[in-house]
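# Examination of the molecular architecture
Letter by letter, the chains look like this.
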Amino acid sequence: MPPTESVLTDQLALEIARLGVVGRSSDIGTLRRVTELAPQAVPGCAGATSIRWAIPSGDEDERPEPLASAASHPDLADIVDRQLSRGHGPFFDVVRTREANGSDDILAEARWPEAMTDMLTRGVRTFSTTAHVREQVMVTLTLYGIMPRALARSQQAIASLLVAQGGAAMSNALQYGSVHRTAVQLQEAVEARAVVDQAKGILMHALGCDADDAFAELRRISQTRHVKLTALAQRIVGDQGLNGGAGHGPDDAAD
């Protein structure tokens, strides 16, 4: 196999596929795994960095905000940190345009002079940054080479696949978390409604009133005693369960 051909083995393909599994890792863990896999999967790639970003609103003056980052080597982490601290450079341009960018030979690159100096002093001669956006997640993956034109353009599809899988994992995790929170909130609402209904039933029996009057009494006591309606209902139901309701009126239950 020629050295410029893809080295995406069956094992690497499996590892990339696993990136998209919900719950396997945190955002940082996913970014780290993406940066670990990139040099293995892309010929000429000596290292990689990845960043998760807050998605810009579309305002040209708005500075994209990084949320998390990972690097395969400490020197590359320094490159990321220095560019993020400046607030401008190729990473930011890719986030704003959402189009891949890079340089075949940093030594001849006239754009981003500060970022290029950072890379050259750390032995980087070529780089390529790819962005992926899915739902509320934006991720960039940057590949670095130590020789000019070391990153074959024909292999950028693998980089796109890696960053897409990483972004999908984070997006899926966000959606899963949102659905889980909604389910918990609905469950809590159902349980609260059930307790209030039980308390209404106890008051209806104790006061000889209908459901509307019992609920009005609950609200009156709640407002008078500055107790949440659900908490008041829980106390009434709890008193009824422990003491059989003997000798307890609604005001006693709130004491």
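The coordinates are above.
Below: a short report on this structure. Note on numbering: residues in each chain are counted from 1, in written sequence order. In keeping with the model being predicted, local features are shown solely for residues with a pLDDT of at least 70 and side-chain atom pairs are shown and tallied solely at 80 or more, while totals for entire chains, interfaces and linings include all residues. No hydrogens and no water enter the side-chain calculation; it runs on all heavy atoms of the structure.

## Considering the sheet that holds strand 5 (residues 137-145)
Sheet architecture is open: 5 strands sit in the order 2-1-5-4-3, paired in antiparallel fashion. Only two strands of the sheet have a single partner each, and these edge strands are strand 2 (65-71) and strand 3 (101-103). Pairwise comparison of adjacent strand axes, ignoring direction, gives a mean angle of 15° for this sheet. The criterion for strand pairing is that DSSP finds at least two bridges linking the strands in question. Note on conventions: DSSP H or I runs of at least 4 residues are helices, E runs of at least 2 residues are strands, and numbering of each starts at the N terminus. Bridge count for strand 4 (residues 126-134) against strand 5 is 9 bridges, and the pairing is antiparallel. Every angle, taken between N-to-C directions, lies between 0 and 180 degrees, and every axis is a line fitted to C-alpha atoms, over only the stretch in contact when it is a helix.

## Description of the nonpolar core
Among the buried residues, those of types Ala, Val, Leu, Ile, Met, Phe, Trp, Tyr and Cys that are joined through side-chain atoms within 4.5 Å form a nonpolar core. Any residue under 20% of the maximum accessible area for its type is buried, any over 50% is exposed, and the rest in between are partly exposed; the area is computed with a 1.4 Å probe on protein chains only. Counting residues in hydrophobic clusters, the biggest one holds 18 residues, and the most contacted among them are Trp53, Met116, Met119, Val124, Phe127 and Tyr144. Those elements giving two or more residues to this core turn out to be strand 1 (47-54), helix 3 (74-86), helix 4 (90-97), helix 5 (113-120) and strand 5. Per-element accounting of this core gives the leading share, 4 residues, to helix 3. It only takes one pair of heavy atoms within 4.5 Å for two residues to be counted as in contact. Ignoring anything within four residues of it in the chain, the contact list for methionine 119 reads Ile79, Ile106, Val124, Phe127 and Tyr144.

## As for the environment of aspartate 197
Within the secondary structure layout, aspartate 197 lies in helix 6 (residues 156-207). In the structure, aspartate 197 is positioned 17 residues away from alanine 214 in sequence and 9.7 Å away in space, judged by C-alpha atoms.

## Here we look at the pattern of salt bridges
By definition here, a salt bridge exists when the distance from a side-chain nitrogen of Lys or Arg to a carboxyl oxygen of Asp or Glu is within 4 Å. Tallied over the full model, the rule gives 8 salt bridges. Glutamate 36 is the partner of arginine 33 in a salt bridge, and the nearest nitrogen-oxygen pair spans 2.8 Å. Here glutamate 36 and arginine 33 lie together in helix 2 (residues 27-41), a separation of 3 residues that amounts to about one turn. Of the residues examined, arginine 33 reaches a relative accessible area of 27% and is grouped as partly exposed. Here glutamate 114 ties to arginine 86 by a salt bridge, and the two come within 3.6 Å at their closest N and O atoms. Taken together, the residues span a long stretch of sequence, with glutamate 114 in helix 5 and arginine 86 in helix 3 at a distance of 28 residues. Residue classification places arginine 86 among the partly exposed positions, given a relative accessible area of 23%. Within this structure, Arg82, Arg86, Glu114 and Asp118 form a network of salt bridges that share partners.

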